[in-house]
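Below are the chains, spelled out letter by letter.
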Amino acid sequence: MTSSADLVFPPLLWGEEVTTDAFDHACRRALLGCDAGLVAWRATPDLLEGALVLAPDVPLSRAMTMLPLCGVGFQNALGALAPPEVAVHLDWDGGLRVNGASCGGFRCMAASADPDAVPDWLVIGFTLPLLPENDAPGTTPDRTSLYAEGCAEVFPPALLEAWARHTLGWISRWEQDGSRGLHAEWRGLAHGLGEPARQNGQTGLFVGVDEDFGMLLRDDHGTTHLIPLTTLLEPAP
């Protein structure tokens, strides 16, 4: 079994185990100019957090593809470690779903919110609850935790290691072949496609995504609205 002391990250990535919020730590390190490839992480008895620092060489509007890409990497990682009956799906806004219920999710921050500019850095991070938030999980049927869904044998540091490996593989594939393969993989995992949705004050039918994974919502009048992924960015300090 992998221990937290001997995680092996793929080439170009390295880990920093932290005792505070992993996403905040990664953003602070990015602000200070750390090299891309840092994976900040924290594992407690009830929570797993991971955050990856990236240095895009494309405009932010395209670099935001890293949000769904990291989600696909997570699904691939958990899918390889969890029992085969465990289903993992992805919300457009970064949410994770295990067996249909919300189970943590991803967040993002960049050096700039200008969609046409190449940001100095981009951080994508996730939080995954391992244990139920209270002693009566039936009171929150729309929210779950990893262990509550039959994944008690999944070792959190090993999951983080696998996430880093699968994510780096998808980044390499995206850089070489473009978004087609990632789009196909993501569509098979996306939660709510073809169903009514509400996002950023817009309501309509979630009919798909554009080339850069912007949400396409078709309203009752037949007008399709584009909601870019950049609207999900948290403001940088």
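Residues numbered from 1 in each chain as written. Predicted model: local features only at pLDDT ≥ 70, side-chain atom pairs only at ≥ 80, totals over all residues. Heavy atoms only, no water.

### So, the overall build of the protein
Scanning the protein from terminus to terminus reveals 5 helices and 11 strands. For the protein, whose C-alpha radius of gyration is 17 Å, the value lies close to the compact-globule estimate of 18 Å for 237 residues. Taken over the C-alpha atoms alone, the protein extends approximately 55 × 45 × 35 Å along its principal axes. Going through the 237 residues of the protein one by one, you find that 48% of them count as buried. (Helix = DSSP H or I, 4+ residues; strand = E, 2+ residues; numbered from the N terminus. Rg over C-alpha atoms; globule rule 2.2 N^0.38 Å. Buried < 20%, exposed > 50% of the residue type's maximum accessible area, 1.4 Å probe, protein only.)

### Description of the nonpolar core
Within the largest apolar cluster, 60 residues are counted, with the highest numbers of intra-cluster contacts made by Leu 128 and Trp 163. The residues contacting Trp 163, other than those within four sequence positions of it, are Val 39, Gly 50, Ala 51, Leu 52, Cys 70, Gly 73, Phe 74, Ala 77, Phe 106, Ile 124 and Phe 126. By size, the runner-up hydrophobic cluster in this structure holds 14 residues, among which are Ala 22, Ala 26, Leu 38 and Trp 121. (Core = buried A, V, L, I, M, F, W, Y, C linked by side-chain atoms within 4.5 Å. Contact = heavy atoms within 4.5 Å.)

### Quick word on the pairing of strand β8 (residues 196-199)
Relative to strand β9 (residues 202-209), β8 runs antiparallel, the two being bridged by 4 bridges. By the bridge assignment for β9, Ala 197 is matched with Gly 204. Taken together, β8 and the strand that follows it, β9, pair antiparallel across an intervening segment of 2 residues, in which Asn 200 is found at a positive phi of about 55°. (Pairing = 2+ DSSP bridges.)

### Remarks on helix α4 (residues 156-177)
Spanning 22 residues, α4 covers 31 Å between terminal C-alpha atoms, matching the ideal 32 Å at 1.5 Å per step. Gly 178 lies just past α4 and shows a positive phi near 85°. (Expected span 1.5 Å × (residues − 1).)

### What about the packing of helix α3 (residues 66-81) against helix α5 (residues 180-187)?
Each pair of packed helices can be summarised by the angle the axes make with each other and by the distance between the axes. Put simply, α3 and α5 touch, their axes get as near as 10 Å, and they point 60° apart. With respect to α5, the element α3 is oriented oblique. As α3 runs across α5, the sense of the crossing is left-handed. Taking contact as the criterion, the partners of Pro 68, Leu 69, Val 72, Gln 75 and Asn 76 in α3 are, on α5, Leu 182, Glu 185 and Trp 186. Class assignment of the residues belonging to the contact of α3 with α5 gives a composition of 5 nonpolar, 2 polar and 1 charged. (Axes fitted to C-alpha atoms, helices over the stretch in contact; angles between N-to-C directions. Parallel < 35°, antiparallel > 145°, perpendicular 65-115°, else oblique. Left-handed = near helix turned anticlockwise from the far one by under 90°. Nonpolar A, V, L, I, M, F, W, Y, C, P; charged D, E, K, R; others polar.)

### Points about the pairing of strand β10 (residues 215-218)
Alternating residues of β10 divide into Met 215 and Leu 217, all buried, and Leu 216 and Arg 218, none buried. Of the strand pairs in this sheet, β9 and β10 are connected by 4 bridges, and their pairing is antiparallel. Within the sheet, the bridge partner assigned to Leu 205 lies in β10 and is Arg 218. Hairpin connection of β9 to β10: 5 residues between the antiparallel strands, including Phe 213 at a positive phi of 70°. Relative to strand β11 (residues 224-227), β10 runs antiparallel, the two sharing 4 bridges. Residue Met 215 lies in a different strand from β11, and its bridge partner there is Ile 227. Counted between consecutive antiparallel strands, the loop separating β10 from β11 contains 5 residues, among which Gly 222 sits at a positive phi close to 85°.

### Quick look at the environment of Gly 95
Summarising the element assignment, Gly 95 is placed in strand β5 (residues 95-98). Along the backbone, Gly 95 and Gly 79 are 16 residues apart, and their C-alpha atoms lie at a distance of 16 Å. In this structure Gly 95 touches His 89, Leu 90, Gly 104 and Gly 105, once residues within four positions along its chain are discounted.

### Details of the packing of α4 against α5
Axis separation between α4 and α5 bottoms out at 8 Å; the angle between their running directions is 135°. In terms of their interaxial angle, α4 and α5 are classed as oblique. For the pair α4 and α5, the contacting residues are Trp 170, Arg 173 and Trp 174 in the first and Gly 181, Leu 182 and Glu 185 in the second. The residue makeup of the contact of α4 with α5, split by class, is 3 nonpolar, 1 polar and 2 charged.

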